[in-house]
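Close look at the chain arrangement
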Amino acid sequence: MQPLRGITVVSLEQAVAAPYASRQLADLGARVIKVERPGTGDFARAYDSRVRGLSSHFVWVNRNKESVTLDFKDPRGREVLRRLIAGADVFLQNLAPGAAARAGLGAEELLRRHPALIVCEISGYGSPGPYEGRKAYDLMVQAEAGLLSVTGTPEEMAKVGVSVSDIAAGMYAYSSVLAALLERGRTGRGAHLDVSMLESTVEWMGFPLYYAFDGAEPPPRAGAAHATIHPYGPYTAGDGKVVMMASQNEREWRGFCARFLERPELAAHPHYATNADRNAHREELGALIAARFAELTGDQALELLGAVPVANARVSTLAEVWDHPQLAARGRRHEVPTPAGPVPAFAPPGPTGAAPRMEAVPALGEHTRAVLGELGLSGEEIDALVAAGVA
C-alpha cells in the first residue's frame, strides 16, 4: 500500500523531527531525497553506534530514503538544491531558525517560484515570537511545554524516555503534508506549513492543562502510576515481577474488589466508593492492593486480573518487545537493508494486506551521483562538485 507513489519530497533534515516526518511519507511510497552535509551528513548519524556500528536514531527514522550530499551554502550546491526543489512536490526542512531563509530557501520565496509546492518547516518554537531564535532540543521543549512538571516521581521530575517532542512535531508535519496534498489536488495550490515542537507538545498536554484549569492544583507527578485515576499503575508480585493494572470505572472497581482482592465490601467503602475517593486515599488503598499482589506470583496476578476483567500488562524489556507475541502474530516484524547489513524493523502502523515498504537506510551520499545525473549534470560536472566538497 503506497498511496504516495509519484510524490517527491526533498528534505533538508537532521536529528529526529523532520526525518521522522519524511520517513512516514516514504513508508507510504513517496520518494524522499534526503539532503545532507558532505563529509559528515545528518549529525544523528553520529549519535551512537549501537546498530552494528550505525546510529540507533538514524536507523530508526531514515529507511526508504535516498541520500544526496550538497553544501547549499556554496552557490553551486545551492543551485543544485534549487533544481531539486523545482521538481519536488514537498520541501521539508528543520534547519536552525532562519537558516533556510538566509539561503534563499524560505517559504515565501519558494512559493513565489513554485506555487504548487508544499513547504513544511519544523522548528522548536515557531516564528514569529520571542522564542523563535532559541535552540530547541527535545528536552528543552518538554520543559517549556510543562511536560516535565507532570512526569516523574513526587521527589524528582523525569523526561519522557523517547524524543516525544520531536515525534509529536514529526507526526503533525506528516499529517499536515498529507492534508496539504489533498487540498492541492482540489485547488492546484501549494501551502506553507509551520510546525513547532512546542505547539505539538502542548497539544498533547491537554489533560493536565485542563485538569489544572483556572488555577486548580495540577496533577501530581506519580511515577508509573496514573496521576488522577486509582488504582492504575504498577504493583510488585511476590516473585518480584512487576504487573501493571488499571481500573477505569466503577463496574471494573467492583469486580476487582470481589474477584481479585476477594474483599467485595471494599467497593462501597466511603474512602473508595468513587475514583475521587480512591484518589484521595490512594496511599492506604495502595497498601491493601500491594499486600494482595505480594501473595501471588506475577503470572497468577495477570491471570486473576484478566478474569475480572481489568486491564493488565507485563512490563516488557526492550529485548522482549522485538519478539512480542502480539506483534509476531500480526506479522509486524520485517527487515530493512542498511550499510551494515539487514536489521529488524517494525512495519508502519495502519496499512494491512499489501507488503509494507521496507527499503534501505542509505549510506551518506549513496545516491548523490544518480540524483544529480537525473538533473542533467554530466559526469564531469558531478566529479567537479565532489572534488570541491560541494557534493
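Let me sum up the structure you'll find in this document.

Now for the overall build of the chain. The helix and strand tally for the chain stands at 17 helices and 11 strands. With the C-alpha coordinates aligned to their principal axes, the bounding extent of the chain is approximately 85 × 50 × 40 Å. A separation threshold of at least 6 residues defines the contact pool for the chain, and within that pool the share at least 24 residues apart is 65%. Averaged over its 39 positive side-chain charges, the chain has a centre that lies 4 Å from the centre of its 45 negative ones.

Structurally, the α-helix is built with 3.6 residues per turn, so residues lying three or four positions apart point the same way. For helix α1 (residues 17-27), the buried fraction is high: 11 of the 11 residues fall into the buried class. Buried within α1 we find Ala 17, Ala 18, Pro 19, Tyr 20, Ala 21, Ser 22, Arg 23, Gln 24, Leu 25, Ala 26 and Asp 27. Following α1 by one or two positions, Gly 29 adopts a phi angle in the positive range, close to 110°.

For helix α13 (residues 298-307), the complete set of buried residues consists of Gly 298, Ala 301, Leu 302 and Leu 305. Buried residues of α13, seen end-on, are gathered within an arc of 100° and therefore sit on one face of the element. Exposed residues on α13 whose side chains face more than 90 degrees from its buried face are Glu 303 and Ala 307. On its buried face, α13 is in contact with β8 (242-246), α10 (250-260), α12 (282-294) and β9 (311-314).

In this section: the sheet that holds strand β7 (residues 232-236). Taken in spatial order, the three strands of this open sheet run β7-β8-β9, and their pairing is antiparallel. Strand pairing shows two members of the sheet lacking a second neighbour, β7 and β9, which therefore form its edges. Recorded for the sheet is a direction-independent mean angle of 25° between the axes of neighbouring strands. Here β8 runs beside β9; their pairing, made up of four bridges, is antiparallel. The partner of Met 244 across the bridge, within β9, is Ala 313. Along the sheet, α13 contacts β8 and β9; its crossing angle with β9, the most-contacted strand, is approximately 155°.

Turning our attention to the packing of α10 against α13. Direction vectors running N to C along α10 and α13 enclose 130°, while the axes themselves pass 9 Å from each other. Classified by the angle their axes make, α10 and α13 are oblique. Between α10 and α13 the crossing geometry is right-handed. From α10, Phe 256, Arg 259 and Phe 260 reach across to α13, where they touch Ala 301, Leu 304, Leu 305 and Ala 307. A breakdown of the residues in the contact of α10 with α13 according to their chemical character gives six nonpolar, no polar and one charged.

Once that is clear, we can look at the pairing of strand β11 (residues 343-346). Side chains of β11 alternate between two faces, with Val 343 and Ala 345 buried and Pro 344 and Phe 346 left unburied. The pairing of strand β10 (residues 333-336) with β11 spans four bridges and is antiparallel. Directly across from Val 336, in β11, lies its bridge partner Val 343. If you look at the hairpin formed by β10 and β11, you'll find six residues sitting between the two strands, and Gly 341 has a positive phi there, around 105°.

Mapped onto the secondary structure, Arg 184 falls in helix α7 (residues 164-187). Reaching out from Arg 184, the side chain makes a polar contact with the side chain of Asp 89 at a distance of 2.9 Å. In this structure Arg 184 touches Ile 7, Asp 89, Ala 116, Arg 189 and Gly 190, once residues within four positions along its chain are discounted.

Rules of the game
Residues numbered from 1 in each chain as written. Predicted model: local features only at pLDDT ≥ 70, side-chain atom pairs only at ≥ 80, totals over all residues. Heavy atoms only, no water. Helix = DSSP H or I, 4+ residues; strand = E, 2+ residues; numbered from the N terminus. Contact = heavy atoms within 4.5 Å. Lys, Arg positive; Asp, Glu negative; His and termini not counted. Charge placed at Lys NZ, Arg CZ, Asp CG, Glu CD. Buried < 20%, exposed > 50% of the residue type's maximum accessible area, 1.4 Å probe, protein only. Arc of directions from axis to C-beta. Pairing = 2+ DSSP bridges. Axes fitted to C-alpha atoms, helices over the stretch in contact; angles between N-to-C directions. Parallel < 35°, antiparallel > 145°, perpendicular 65-115°, else oblique. Left-handed = near helix turned anticlockwise from the far one by under 90°. Nonpolar A, V, L, I, M, F, W, Y, C, P; charged D, E, K, R; others polar. Polar contact = N/O pair within 3.5 Å; in protein donor to acceptor, adjacent residues only side chain to side chain.

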